[in-house]
Amino acid sequence: MDSDAALNSDQGVMEYFQAVAQVFAGRLDIGIYAAGARCDLIQSAGLASRFWVPEAPAWLGTHAYMNSNRWHMFQNKTNIDLSAVTGGHGQKIHIDTNIVNPDQTRSIGAFNGDGSERLYDAQHLTSVARAHYWVNRDRLPVYDFPAGAEVGHVCIARTVHVTSSHGGWAEVDIDEDGLPEGYVQQDGLLPLNQMPKWSRTSCKLMDI
């Protein structure tokens, strides 16, 4: 359901998932990729068991649903190019850097070679989730060094990956390429379970 839930009626969505649930009849898990309001709708109706939230903080219900901690996966950054993390392939590739909610699942629905469900290490999933923070200012400057020269910025209700923190400053990887871009003030960030409300500002997403 790759659109803002505010744009159209829930009736068709409900009818679709009711039909899917009837066809699968408990034989397979059902998941939904949708704005927070749609995930909440289908979860409350008991029509799916896996919930994936897009990286679209303005979409209806996403703020409340993320903070309810009922989500299974968050899309985070999308279309990351070949980088320090994905190097060695000899060509550009595009990946998403989804975050799994360790309080809800150890799975993304993938399978091992023998057909069993692949489960990921809970401690690792927790470490990844705790290293990601929301920007809690309309525009948060990024500096080359603490209190140094401004080299970029990040916008409210977007995530950063904190690689280290000290003395009120957080070193951040903004584009999830595995390399930190600079430093932001730690008090401008909130943990993943405290998503701020998105608001329309003059802040524009930028390439670092």
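Residues numbered from 1 in each chain as written. Predicted model: local features only at pLDDT ≥ 70, side-chain atom pairs only at ≥ 80, totals over all residues. Heavy atoms only, no water.

**Concerning the overall build of the protein**
At step 1: Assigned secondary structure in the protein consists of four helices and 11 strands.
At step 2: Viewed in the frame of its principal axes, the protein has a C-alpha envelope of about 60 × 40 × 30 Å.
At step 3: Counting across all 208 residues of the protein, residues that qualify as buried make up 38%.
At step 4: Summarising the internal contacts of the protein: among those between residues at least 6 apart in sequence, 51% fall at separations of at least 24.
At step 5: Total accessible area on the protein stands at roughly 11,300 Å², and carbon and sulfur atoms take up 50% of it. (Helix = DSSP H or I, 4+ residues; strand = E, 2+ residues; numbered from the N terminus. Buried < 20%, exposed > 50% of the residue type's maximum accessible area, 1.4 Å probe, protein only. Contact = heavy atoms within 4.5 Å. Areas by Shrake-Rupley, 256 points an atom, 1.4 Å probe, with all protein chains shown as cover.)

**Re the state of the cysteines**
Each disulfide is one covalent bond, formed between the sulfur atoms of two cysteines.
At step 1: All told, the structure shown has one disulfide when counted by the stated rule.
At step 2: Between the sulfur atoms of Cys 155 and its disulfide mate Cys 203 the distance is 2.0 Å. Looking along the S-S bond of the Cys 155-Cys 203 disulfide, the torsion reads about -80 degrees, which is the left-handed sense. With Cys 155 in strand β7 (residues 150–155) and Cys 203 in the segment after β11 (189–191), this residue pair connects regions lying 48 residues apart in the sequence. Per residue, the accessibility class of Cys 155 equals that of Cys 203, and both read buried. (Disulfide = S-S within 2.5 Å.)

**Digging into the domain arrangement of the protein**
At step 1: Per the domain assignment, the segments of the protein are domain 1 (10–131) and domain 2 (133–191).
At step 2: Placing the centre of domain 1 and that of domain 2 at their C-alpha centroids yields a distance of 25 Å.
At step 3: Contacts between the two partners involve 13 residues from domain 1 and, on the opposite side, 14 residues from domain 2.
At step 4: For the domain 1 and domain 2 pair, buried surface summed over both sides reaches about 1,100 Å², with 56% attributable to carbon and sulfur atoms.
At step 5: Counting across the interface, domain 1 meets domain 2 through one salt bridge.
At step 6: Inspection of the region where domain 1 meets domain 2 yields six residue pairs in polar contact (both at pLDDT 80 or more).
At step 7: In terms of residue count, the dominant contributor to the side of domain 1 that touches domain 2 is strand β3 (residues 73–80) (four residues).
At step 8: Across the side of domain 1 that touches domain 2, the residue classes break down as seven nonpolar, three polar and three charged. (Domains from an automatic or database assignment. Buried area = accessible area lost by both parts, 1.4 Å probe. Salt bridge = Lys/Arg side-chain N within 4 Å of Asp/Glu carboxyl O. Polar contact = N/O pair within 3.5 Å; in protein donor to acceptor, adjacent residues only side chain to side chain. Nonpolar A, V, L, I, M, F, W, Y, C, P; charged D, E, K, R; others polar.)

**Quick look at the environment of Val 135**
At step 1: Checked against the element boundaries, Val 135 lands in strand β5 (residues 132–135).
At step 2: For the pair Val 135 and Met 195, spaced 60 residues apart in sequence, the C-alpha to C-alpha distance is 8.5 Å.
At step 3: Ignoring sequence-local partners within four residues, the contact set of Val 135 consists of Leu 140, Val 154, Cys 155, Ile 156, Ala 157, Arg 158, Val 160, Gly 188, Leu 189 and Pro 196.

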